[in-house]
Amino acid sequence: MFHGIDPRSPIPLYVQIAERVRLAIATGTLGSAAPLPSVRQLAAELRINPATVIQAYKDLEAQGFVEIRHGAGTFVRELAPGRRARERSQQAVALVRKLLADARRSGVSLAELQRALETELGARTT
Amino acid sequence: MNDAIHIERLHYRAGKNFAIKELDLHVPTGAIYGFLGPNGSGKTTTIRLILGLLRPLSGRITVLGLPMPEQHARILGQIGYVPEQPHLDTTLTVRELIDFQAAFYPRWDRARAAELIKRFELDGEHLFGRLSKGQKAKLMILLALSQCGDLLVLDEPTDGLDPVVRRDILSALITYVSERGATIFISSHLVHELERVCDWIAVMDDGRLITEAPMEKLKHGTKRLVVMGAPAEIVNPPFRVLTRESANGGGAGENWVVGDWEPGMTSYFEGVGASVREVIDLDLEEGFVELLRSFREGRSRR
């Protein structure tokens, strides 16, 4: 779930971690009541500051995705119907925005991008 | 919140060529504080001053609330220190060194020492002198963590070690911090390692502090700008200009590196008839290099 977290990225680490958890919840990898790794465990595994993990979990709690039960751990909350789907479409929008920004930066035109996308999708479905 | 280490206007001189000048440091309690600087910049000397092993010419050093070096006998028991070079007796075994060290520390944590021996895959019967560089480093960390200090002072603890050993050592440090909430002061020039774990960063060069800031602030406040039509003289900008040079290929474009940048500051350029064409993020290493370059250029110009 946390593969490829990038400390050199301008996106703060706690934001990256929270995003990964949100994605896992949106896609159902983390179901309702599923436990998140403990702060200690995740910090040691990623070799990052425990405070960074705490910050990520607190943000997720404020957004209503998880519940922090002191002494017990952090657990995924029951989500309102449709929220997972909504979260997935937001993730899709974010992915497309990133793709468009990358394309713009490397000088790839929209038409070229669209053609490549169609070719890839075609290759996948056949 | 009290600072775990607090240094004010510290001066120190060693011989003719090296001095620490006007040093101010504030290491907040509970922080993982990264101390960066090139070789010879004064990192190890500063650490020795913090530990009360050297006497400053002037200035004040407070560690865990007590003045150094006056109280160093009382404070050293609460500090886990890992020096740059291991200084242990090479003719003793790992087990003997652990028992020897344990005798000096009333808070010694036997369970932690036993756990770390296993985790680090050390053999208690091996002679220290026969250990590999990585095993020596792991033992030093084991000793520092088992004394259960409130402050860990680590002088380049992972320098010259292979990635697997570095990873084991960092994980052990992080586990310790999450369990005990200790403060870690860690000097290194492995910028990427510090970028992962630290929440505060200080940069030193030539005996002076160049910057001290929370990691996020330093990382997100240092940017490369592509500026068009900037006037030669810039008056009171809200950010810090670190370097400024004409872009490749000439034209009106210039590359700037700025510190203390915040979103929205591009409006400053509009106010002076210039424009910012691009704002580029820098990672910690790039920011570190630019800070050093600007500091050195500033000195040679004076």
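Everything numeric in this text was worked out from a predicted model, so none of it was measured. All residue numbers refer to positions counted from 1 along the written sequence of the respective chain. Chain A is the first chain written and ligand 1 is the first ligand written, with later ones labelled in order. Only residues with pLDDT of 70 or above have their local features reported here, since the model is predicted, and side-chain atom pairs are shown and tallied only from 80 upward, although totals for entire chains, interfaces and linings are computed over all residues.

Let us look at the confidence of the model for chain A. Every residue is assigned a pLDDT by the predictor, reflecting its confidence on a scale from 0 to 100. For chain A, the mean per-residue pLDDT works out to 89, and 98% of the residues sit at or above 70. Highest mean pLDDT in chain A belongs to helix α3 (residues 50–62) of chain A (95); lowest belongs to helix α5 (residues 110–125) of chain A (85). Helix and strand labels come from DSSP, where a helix needs a run of H or I of at least four residues and a strand needs a run of E of at least two; each type is numbered from the N terminus.

We now examine the domain arrangement of chain B. Residues and elements named next belong to chain B. Domain annotation for chain B reports domain 1 (3–213) and domain 2 (217–301). Once you take the C-alpha centre of each, domain 1 and domain 2 turn out to be 35 Å apart. On the side of domain 2, nine residues touch domain 1, which itself brings ten residues to the contact. When contributions to the side of domain 1 that touches domain 2 are tallied by element, the ones reaching two or more residues are α7 (191–197), β9 (200–205) and β10 (208–214). Residues belonging to the side of domain 1 that touches domain 2 are distributed by class as follows: six nonpolar, two polar and two charged. As used throughout, domain bounds are those supplied by an automatic or database domain assignment. Residue pairs qualify as contacts under a 7 Å threshold applied to their C-beta atoms, which are placed from the backbone. Polar here means any residue outside two lists: the nonpolar Ala, Val, Leu, Ile, Met, Phe, Trp, Tyr, Cys and Pro, and the charged Asp, Glu, Lys and Arg; Gly therefore counts as polar.

Glancing now at the sheet that holds strand β14 (residues 275–281) of chain B. Hydrogen bonds between backbone atoms are what pair the strands of a sheet, whose relative direction is either parallel or antiparallel. All names here are of chain B. As summarised here, the arrangement of the four strands in space is β12-β13-β11-β14, forming an open sheet in which the pairing is antiparallel. One side of each edge strand has no neighbouring strand; the edge strands of this open sheet are β12 (240–246) and β14. Averaged over all adjacent pairs, the angle separating strand axes in this sheet is 25°, with direction ignored. In this scheme, strands are said to pair when DSSP sees at least two bridges between them. By the bridge criterion, six bridges tie β12 to strand β13 (residues 253–259) in an arrangement that is antiparallel. The residue of β13 that forms the bridge with Thr 243 is Val 257. Each axis is a line fitted through C-alpha atoms, and for a helix only the stretch in contact is used; angles between axes span 0 to 180 degrees, taken between their N-to-C directions.

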